[in-house]
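Observations on chain architecture
One-letter residues, chain by chain:
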Amino acid sequence: MELNFTKIGNSYVAEFQAPGNFNLHVETDSPCSVGVFQRTASSGAFAPVEVGGAKNYGKVIDIDFTGAVWPKTIQVHVPYQPTKAVVTTAQ
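For the structure given in this document, a descriptive report is provided here.

The rules we used
- Position labels on residues start from 1 in each chain and follow its written sequence.
- Confidence filtering applies because this is a predicted model: local features only for residues at pLDDT of at least 70, side-chain atom pairs given and counted only at 80 or more, and all residues used for totals across whole chains, interfaces and linings.
- Hydrogen atoms and water are omitted, and side-chain values are computed over all heavy atoms in the structure.
- Any pair of Phe, Tyr and Trp rings, taking the six-membered ring for Trp, is counted once the centres come within 6.5 Å. Such a pair is stacked with planes under 30 degrees apart, edge-to-face with planes over 60 apart, and tilted for the rest.
- Labels follow the DSSP assignment, with helices taken as runs of H or I lasting at least four residues and strands as runs of E lasting at least two, numbered in each case from the N terminus.
- Remark: exposure states derive from per-residue accessible area (1.4 Å probe, protein chains only) relative to the maximum for the residue type, with buried under 20%, exposed over 50%, and partly exposed in between.
- As a reminder, the over-ring test applies to NZ of lysine and CZ of arginine, requiring each to be within 6 Å of the ring centre and within 35 degrees of the ring normal.
- Strand pairing is defined by DSSP finding a minimum of two bridges between the two strands.

Glancing now at the packing of aromatic side chains. In the structure shown here, the tally under the stated rule is 3 aromatic pairs. Seen from their ring centres, Phe22 and Phe65 are 4.8 Å apart, and the 15° between their planes marks the pair as stacked. Separated by 43 residues along the polypeptide, Phe22 in strand β3 (residues 22–27) and Phe65 in strand β6 (residues 60–65) bring together distant segments of the chain. Each member of the pair, Phe22 as well as Phe65, carries the same accessibility label: buried. For Phe22, a relative accessible area of 6% puts it in the buried group. Among the aromatic residues, ring-to-ring pairing joins Phe16, Phe22, Phe65 and Trp70 into one connected group. When the ring centre of Trp70 is taken as reference, the NZ or CZ atom of Lys72 above it lies at 5.2 Å.

Here's what the structure looks like:
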């Protein structure tokens with residue numbers, strides 16, 4: 001699924017429902033960090049997700065996410081408008 005980002009404050013934010021394990025692929029014109037947040041409740045606040053050791057991923061971010069409880073609502077925050085952003089699920 002293609003992600004659509006909206007500028008909120010100093011970040012571009014996309015939100016989607018993850019039915020199960022997924023891969024996040026984001027490309028930007030400049031190296032950047034990514035913030036990933038999740039919630040399993042149908043509403044309420046998002047909690048940060050630890051995304052590996054490094055915070056700066058360069059121009060391409062490609063990360064697999066696995067978990068035991070699904071579905072989840074995921075938010076992705078990046079400082080630049082992505083040139084490409086795709087989520088791939090096993091389901």
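Turning our eyes to something else, we now look at the sheet that holds strand β5 (residues 47–48). The antiparallel open sheet is built from 5 strands, whose spatial order is β1-β2-β7-β4-β5. The two strands at the open ends of the sheet, each matched to only one other strand, are β1 (6–8) and β5. Bridge count for β1 against strand β2 (residues 11–18) is 3 bridges, and the pairing is antiparallel. The residue bridging Lys7 from the neighbouring strand is Tyr12, located in β2.

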